[in-house]
Amino acid sequence: MSAVHATRPGKRTKDTEAPDPQAELAHKCLYYMTLMREVEDRIERKLYRQGKIVGGVYVGRGQEAIPVGTALLAGPDDVLFPCHRDMAVFFIRGVPLGRIFAQYMGRVDGLTRGREGNMHMGDLKLNLVSIVSALAATVPVAAGAAMALRYQGKDGVAFSYFGDGSTSRGDWHEGVNLATVQKAPVIFICNNNQYAYSTPLNLQMACANVADRGPAYNMPAEIVDGNDVFAVYEATKRALDHARSGKGPYLLECKTFRMTGHSAHDAAHYVPAGMFDEWGKLDPIVRLQARMLENGWATQEELDAVRARIRQEIDEAVAWAEKSPYPDPSTLLEDVYESQ
Amino acid sequence: MSTTYLEAIREGLWEEMERDPNVFLLGEDIGVYGGAFKVTAGFIEHFGEKRVVDTPISEAAIVGAAIGAGFMGLRPVAEMQFADFISCGFDQIVNFAAKCRYRWNAPVPIVVRAPSGGGIHGGPYHSQNPEMWFVKTPGLKVVAPSTAYDAKGLIKSAIRDNDPVIFFEHKGLYRRIKEDLPTGDYTVPIGKAKVVREGTDLSIVTYGAMVWVALEVADKLAEEGASVEVVDLRTLLPLDRETVCESVKKTSKVLMVHEDTRTAGMAGELAISITETVFEYLDGPILRVTAPDTPVPYSPPLEDAFLPNADKVIEKARWLWKY
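This structure is a prediction, so every number in the text was calculated from the model and none was measured.

Notes on the overall build of chain B
When you go through chain B residue by residue, the secondary structure sums to 12 helices and 14 strands. A principal-axis box enclosing the C-alpha atoms of chain B has dimensions of 60 × 40 × 40 Å. Here chain B holds 323 residues, and 58% of them are scored as buried. In chain B, 79% of the contacts between residues at least 6 apart in sequence involve partners at least 24 apart.

Dropping the structure here:
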């Protein structure tokens, strides 16, 4: 489940030839995107329905290209602020799968020791910062982290993830404004999945694109096909070059669609008929697989093997998580303060 | 040489910045202008604009950025120009900073300075005492010094603390009080109240600017023969209930005074703590003198009527003493 594990040599036409870097990248992306899809399916469609996960469940089905295409470019000094539909960021950063399931199941081996559920998790040792429910709240925090990285003379960039709905919030604007005034090294990564819970874009904002907000902050903004992992990856490179060279923040608007309700209890009846079918044709995993086959980067058998291997990893991780105990109620009062 | 309350805060900030390059300041008008009250005058010239950051008018971004910088190992001190504006950064403080350690073991070593308090004819938006919003939030520490000594010692402790500290500094005390401070480094512990005047007949428990009102009342009642003990809470969260209860055990009578408004104020919280732990020592009702439940009015006669003062406190204190 680590990046090393995921790296597979690309198809070689001759044994002596070096692996095609594009093919190698494709395999890595496919692994993490499929892992995210399968983990979230297991969480939403099995563990949640079995009552093994008692709290809210929010998945990024159909949006996997965005966390994968961005986070694969993150270095150790970069600090990431994944949103609730960016599960793959945790895998790429090296969080063990079992701990993710334990987190969702409220077990002591979850990243928050049972204090929090679902994607509300982080690990400062991995430069991963947890969201709070008011999602745009991490935007000014990312700005401050970026200012600190620059002050410390580090090369790091803050990856600030959020959805279209977050851009309606005051702290989004405050954070972006501070970051741009300070020319802080931040890349703002919007997954525009067109719905904020049940509220469609036209009731969230009067402009056509989130990227339209960029010029107001004198910030370059790019619209990206969020269902094409290569497009996301290439755009992220441009954004990182910009931010790392001291030019300030860069906004990526990754257009996508939320192929699910807001949460596991939301059947999304408000989404007009046909939209799921239309966007289903643009599934980022299916598109990547087609590209890999087309370019001869993989065979169908190899693609099938990826999914089979992942399901086995998930089985093992879930079994591990289920063995993790629930937190002891006697720990309730711990860790409110350092001295407790 | 005597040091004012304001100078004490300035010295504390300055010395911490000299001591630790991770300490930096951010806020509105704190750099070139030196801060609305000139607490940070001269800082940008000495420490440079990387460590004294003039921000947009943007409290949520100021607090949020402080949190983010704290995650990266820095020790930010964020200034709210007036405590009244802290509500604009409220979510960042109560939902982000306060809960990170408990939720995911992430320390938030930030200080939010909040110049608070009335008596300067500032009106509803430059006079408030919003400490109880934060005292209700586990994970925060809330301090409110009354003396120059404590102001300097507590700002240093706040900066060195690995949890988020809201530092209420009373504007009315900035230039009004001064004292000789020790040379060299010292700190005042967070979470410890202080008996600032010993007495046996009655305890007045208070904090911030009202400590000086309580001391004035104690002096006056001494002339009438009463021995009044004054307890300065200094830290409001975590609350030093033990020191308060020890004082009650000694005097058996307690009057609470705060400049904050009445309902759900510190007096109510302490009253229940006292009845829970030292009820049998009480020899009279627990009383309070507070501001009424109104916004802080501007016009002098109205503001004078709003604020607790020695006349209001002495009346209640005398009644309780004689009870």
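The discussion continues.
So, the sheet that holds strand 6 (residues 221-225) of chain A
Residue and element names in this part refer to chain A. Judged by pairing direction, the sheet is parallel, and its five strands sit side by side in the order 1-2-3-7-6 without closing on themselves. Each having just a single partner strand, strand 1 (79-81) and strand 6 make up the two edges of the open sheet. Strand after strand, the sheet turns through a mean of 20° between neighbouring axes, direction not considered. Packing of helix 6 (residues 138-151) onto the sheet brings it into contact with strand 1, strand 2 (158-163) and strand 3 (186-192), and relative to strand 2 it is tilted by some 170°. Running at roughly 170° to strand 7 (residues 250-255), helix 8 (residues 229-244) makes contact with strand 3, strand 6 and strand 7 of the sheet.

A few points about the domain arrangement of chain B
Residues and elements named next belong to chain B. When the domains of chain B are assigned, the result is domain 1 (2-180) and domain 2 (194-322). Computed over C-alpha atoms, the centres of domain 1 and domain 2 are 26 Å apart. Listed per partner, the contact involves 26 residues of domain 1 and 22 residues of domain 2. Where the side of domain 1 that touches domain 2 is concerned, the elements lending two or more residues are helix 6 (131-135), strand 6 (141-143), helix 7 (148-160) and strand 7 (165-170). Among the elements that take part in the side of domain 1 that touches domain 2, helix 6 stands out by supplying four residues, more than any other. Partitioning the side of domain 1 that touches domain 2 into residue classes produces 12 nonpolar, 11 polar and three charged.

Observations concerning helix 10 (residues 284-294) of chain A
All names here are of chain A. All of the buried residues in helix 10 are Pro 284, Ile 285, Leu 288, Gln 289 and Met 292. Along helix 10, the residues classed as buried sweep out an arc of 135° about the axis, all on the same side. Turned more than 90 degrees away from the buried face of helix 10, the exposed residues are Val 286, Ala 290 and Glu 294. Trailing helix 10 by a residue or two, Gly 296 shows a phi angle of about 70°, which is positive.

Concerning the sheet that holds strand 13 (residues 254-261) of chain B
Residue and element names in this part refer to chain B. Here five strands make up an open sheet; going across it, the order is 9-11-10-13-14 and the pairing mixed. Unpaired on one side and paired on the other, strand 9 (194-197) and strand 14 (287-291) mark the two borders of the sheet. On average, each strand axis in the sheet is tilted by 25° relative to the strand beside it, whichever way the strands run. With five bridges connecting them, strand 13 and strand 14 associate as parallel partners.

Overview of the interface of chain A and chain B
Each partner contributes residues to the interface: chain A has 36 residues there, and chain B has 30 residues. Broken down by class, the residue content of the side of chain A that touches chain B amounts to 21 nonpolar, nine polar and six charged.

Quick notes on the environment of B:Ala60
One can find B:Ala60 in helix 3 (residues 59-71). For B:Ala60, a count of 26 C-beta atoms within 10 Å gives the class buried. In this structure, B:Ala60 is in contact with A:Pro140, A:Gly170, A:Asp171, A:Glu174, B:Cys88, B:Gly89, B:Asp91 and B:Gln92, ignoring residues within four places of it in sequence.

A short note on the packing of helix 7 (residues 170-181) of chain A against helix 3 of chain B
Any two packed helices are characterised by the angle at which their axes cross and by the distance between the axes. The N-to-C vectors of helix 7 of chain A and helix 3 of chain B enclose an angle of 70°; their axes lie 8 Å apart at closest approach. Between helix 7 of chain A and helix 3 of chain B, the angle is such that the two are roughly perpendicular. Viewed along their axes, helix 7 of chain A and helix 3 of chain B form a crossing whose handedness is right-handed. Only B:Ala60, B:Ala61, B:Gly64 and B:Ala65 of helix 3 of chain B make contact with helix 7 of chain A, whose side of the interface consists of A:Gly170, A:Asp171, A:Glu174, A:Gly175, A:Asn177 and A:Leu178. In terms of residue class, the contact of helix 7 of chain A with helix 3 of chain B is built from four nonpolar, four polar and two charged.

Observations concerning helix 1 (residues 5-19) of chain B
Residue and element names in this part refer to chain B. In this model, helix 1 (15 residues) spans 21 Å end to end at C-alpha, consistent with the 21 Å of a helix rising 1.5 Å per residue. Listed in full, the buried residues belonging to helix 1 are Tyr 5, Leu 6, Glu 7, Ala 8, Ile 9, Arg 10, Gly 12, Leu 13, Glu 16 and Met 17. Summarising the contacts, the buried residues of helix 1 are in contact with strand 1 (2-4), strand 2 (23-27), helix 2 (43-47), strand 4 (75-79), helix 7 and strand 7.

The rules behind the values
Residues numbered from 1 in each chain as written. Chains lettered and ligands numbered in written order. Predicted model: local features only at pLDDT ≥ 70, side-chain atom pairs only at ≥ 80, totals over all residues. Helix = DSSP H or I, 4+ residues; strand = E, 2+ residues; numbered from the N terminus. Buried ≥ 20, exposed ≤ 12 C-beta atoms within 10 Å, placed from the backbone. Contact = placed C-beta atoms within 7 Å. Pairing = 2+ DSSP bridges. Axes fitted to C-alpha atoms, helices over the stretch in contact; angles between N-to-C directions. Domains from an automatic or database assignment. Nonpolar A, V, L, I, M, F, W, Y, C, P; charged D, E, K, R; others polar. Arc of directions from axis to C-beta. Parallel < 35°, antiparallel > 145°, perpendicular 65-115°, else oblique. Left-handed = near helix turned anticlockwise from the far one by under 90°. Expected span 1.5 Å × (residues − 1).

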